[in-house]
Amino acid sequence: MAELLIQNGRIVTCAGNAPKSMEDLNDLNIIENGYVAISSAGMILDTGGGSGDFYRDASTQIIDAGGRVVMPGLVDPHTHAVHYGSRENEIELKLRGVPYLEILKQGGGILSTVRATRSASKDMLSEKLAKTLNTMLLWGTTTVEIKSGYGLNLLDEVKCLEVVRDMDHPIETVRTYMGAHAVPPEYSNNRAAYIDFMLTEVIPYVAHHKLAEFIDCFCEEGVFSIEESEQILRKGAEFGLALKIHADEIEPMGGGELAARVQAVTAEHLVAVSDQGIDDMAAAGTIPILLPGTSFYLKLKTYAPARKMIAKGLPIALASDYNPGSCPTESLQSVMVHAYLGMGLTPAEIINGITINAAHAIRRGHLIGSIEAGKQADIVIMDAPNEQYLIYHFGINHVHTVIKKGKIRVQDGLLKQGGADD
């Protein structure tokens, strides 16, 4: 019998046994007027048409979806959620047309957040991260990748990764070490020494203490070169870390080609990716994570060429890029609108991009990202009659109910109190 039974829903299952690409991106495997049966272990027992009353007994809790959209919990595969401080002071610089890389050179951007994060205690960072995760949960996100990269030394990178590791929250987190986010000020005249420090001290420590699953690198003009990025990523791979790369965000650096060459799980941003980079990633099986909210917020006037990637067979994923400078939003629902307006993606492509494909982008596709028997019961009920409505009616939170591992965590749009295992 089911512990929890959702009935009378438009079940957007996103079912599939692999990342979705090409025409499959427009297939949401919808069940009209359906049910989802959930076990006491927080796993999906079954889903199908009709009431599912054969899974019901006197102890089963019933949720009447009332014809609303029932979809997988949203998966955010690219964030910088662990940091301190904020950067609203940069708004006027951006309005005056000062480029992001110039703000970085002036000691702003990433480096200003580094100063704030280094000065923050673990308790301060934990309190801020908990607030961030609460907001994400309220807006439908149930799993999130979190990068370090605002410590840029051993002590503070470890501090940030430990804060994520020790967080007691319903949202599941996936940790990425990103010491190669910028060159810290103390190494400004000797970037080679900083790279050597990461290679010989930080990466081995992070891997040995299992503080991260992935390693990432900001491969960009004025940050880390192709050669430097390859050296950093290959060292991470030697220590068993899976590879991600910030690639071709602003300048066409050849980051897509590098992602394929080092067999990265994902390449992220890709606004300026080359045609060769797209072809190489398709051949290598690298998943592009696209961040339309960042293009919007940075006023780049260009977005990652999503339609070209889809035509080449790439299984695109979408993410918020939540961070204090270039995309300060926790809302994947906002990202959905920017993916539609900026990239020309269909509602189905967008939803698959923030569920099943995003799950595969953090190597969790076997467990989350779709509503299928045997998967974790991470489910969002949206107060919308169909999935197109989520994008059509923009700027509001459509979440009605959030279920994480079979437990109701948001009800009637309000956060229910409790930790990860209560």
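Parameters and conventions
Residues numbered from 1 in each chain as written. Predicted model: local features only at pLDDT ≥ 70, side-chain atom pairs only at ≥ 80, totals over all residues. Heavy atoms only, no water. Buried < 20%, exposed > 50% of the residue type's maximum accessible area, 1.4 Å probe, protein only. Helix = DSSP H or I, 4+ residues; strand = E, 2+ residues; numbered from the N terminus. Contact = heavy atoms within 4.5 Å. Pairing = 2+ DSSP bridges. Axes fitted to C-alpha atoms, helices over the stretch in contact; angles between N-to-C directions. Parallel < 35°, antiparallel > 145°, perpendicular 65-115°, else oblique. Phe/Tyr/Trp six-rings, centres within 6.5 Å; stacked < 30°, edge-to-face > 60°. Lys NZ or Arg CZ within 6 Å of the ring centre and 35° of its normal. Salt bridge = Lys/Arg side-chain N within 4 Å of Asp/Glu carboxyl O. 1 Å grid on protein atoms, 1.4 Å probe; cavity = no way out; pocket = protein on both sides within 12 Å on 5 of 7 lines; lining within 4 Å. Points joined across faces, edges and corners; volume = space filled by probe spheres on them. Nonpolar A, V, L, I, M, F, W, Y, C, P; charged D, E, K, R; others polar. Core = buried A, V, L, I, M, F, W, Y, C linked by side-chain atoms within 4.5 Å. Patch = residues over 30% accessible without salt bridge, like charges linked within 9 Å, V, L, I, M, F, W, Y side chains within 5 Å. Areas by Shrake-Rupley, 256 points an atom, 1.4 Å probe, with all protein chains shown as cover.

1. Examining helix α3 (residues 110-119)
Along α3, the positions that sit buried rather than exposed are Ile-110, Leu-111, Thr-113, Val-114, Ala-116 and Thr-117. Residues of α3 that are buried make contact with α2 (100-105), α4 (122-138), α5 (154-166) and β9 (214-219).

2. A short note on the sheet that holds strand β11 (residues 266-269)
Strand pairing in a sheet takes place through backbone hydrogen bonds and is either antiparallel or parallel in direction. Spatially, the eight strands line up as an open sheet ordered β6-β7-β8-β9-β10-β11-β12-β13, and their pairing is parallel. Sheet topology places β6 (74-76) and β13 (317-318) at the edges, where each strand pairs with a single neighbour. Examined bridge by bridge, strand β8 (residues 172-180) and β9 share three bridges and lie parallel to one another. Paired with Thr-176 across the strands is Phe-214, a residue of β9.

3. Side note on the packing of helix α6 (residues 191-208) against helix α7 (residues 226-238)
Any two packed helices are characterised by how steeply their axes cross, that is the angle between the axes, and by the distance between the axes. Interhelical geometry of α6 versus α7 gives an angle of 10° and a closest axis separation of 10 Å. As the angle between them shows, α6 and α7 are arranged roughly parallel. Counting all contacts with α6, which are made through Arg-191, Ile-195, Met-198, Leu-199 and Ile-203, the residues of α7 involved are Glu-228, Gln-231, Ile-232, Lys-235 and Gly-236.

4. Some thoughts on the packing of aromatic side chains
To describe a pair of aromatic rings, you give the distance between the ring centres and the angle between the ring planes. Under the criterion given, the structure shown has seven aromatic pairs. Relative to Tyr-55, the ring of Tyr-35 lies with its centre 6.1 Å away and its plane at 40°, an arrangement referred to as tilted. Taken as a pair, Tyr-35 in strand β2 (residues 30-38) and Tyr-55 in the loop between β3 (44-49) and β4 (61-64) lie far apart in primary sequence, 20 residues in all. Residue Tyr-35 is classed as buried on the basis of its relative accessible area of 4%. Taking 6.2 Å as the distance between ring centres and 35° as the angle between the ring planes, the aromatic pair formed by Tyr-194 and Phe-197 counts as tilted. Of this pair, Tyr-194 and Phe-197 both sit in helix α6, separated by three residues, roughly a single helical turn. Taking the relative accessible area as the measure of exposure, Tyr-194 reaches 1% and is therefore buried. Phe-197 gets classed as buried once you look at its relative accessible area, which sits at 13%. Directly above the aromatic system of Phe-224 lies the positively charged group of Arg-191, at a separation of 5.5 Å from the ring centroid. Residue placement shows Lys-244 over the ring face of Phe-214; its charged tip is 4.9 Å from the ring centre.

5. Details of the pattern of salt bridges
This structure, assessed with the given rule, holds 26 salt bridges. Glu-268 is the partner of Lys-147 in a salt bridge, and the nearest nitrogen-oxygen pair spans 3.1 Å. With Lys-147 in strand β7 (residues 141-147) and Glu-268 in strand β11, this pair connects stretches of sequence that are 121 residues apart. Across this residue pair, the class does not change: Lys-147 and Glu-268 are buried. Note that Glu-228 is salt-bridged to Arg-191, the shortest N-O span being 3.0 Å. Of this pair, Glu-228 sits in helix α7 while Arg-191 sits in helix α6, and the two are 37 residues apart along the sequence.

6. Side note on empty space enclosed by the protein
Tallying each qualifying case throughout the model produces one cavity of 30 Å³ or more. Each pocket or cavity is described by its volume, and for the largest cavity that value is around 130 Å³. Around the largest cavity sit 13 residues that line it, and His-80, Tyr-100, His-181, Asn-323 and Ser-326 are the ones nearest its centre. Tallied by class, residues from the lining of the largest cavity come to four nonpolar, six polar and three charged.

7. Some details on the nonpolar core
Residues Phe-224 and Ile-232 are the most contacted members of the largest nonpolar core, which totals 98 residues. The dominant element in this core, judged by the number of residues it contributes, is α6, at eight residues.

8. A word on unusual backbone geometry
Phi angles above zero are rare outside glycine, and Leu-152 is one such case at about 60°. Along the chain, Leu-152 turns up in the loop between β7 and α5. Using a relative accessible area of 0% as the deciding quantity, one classes Leu-152 as buried. A positive phi angle, close to 55°, is found at Asp-412, a residue other than glycine.

9. Side note on a nonpolar patch on the surface
Together, Ile-91, Leu-95, Phe-296 and Tyr-297 line one region of the surface with nonpolar side chains, adding up to about 390 Å² of accessible area. Secondary structure elements with two or more residues in the nonpolar patch: α1 (91-95) and α10 (292-297). With respect to the secondary-structure elements, Phe-296 resides in helix α10. Judged by relative accessible area, Phe-296 falls into the partly exposed class, the value being 47%.

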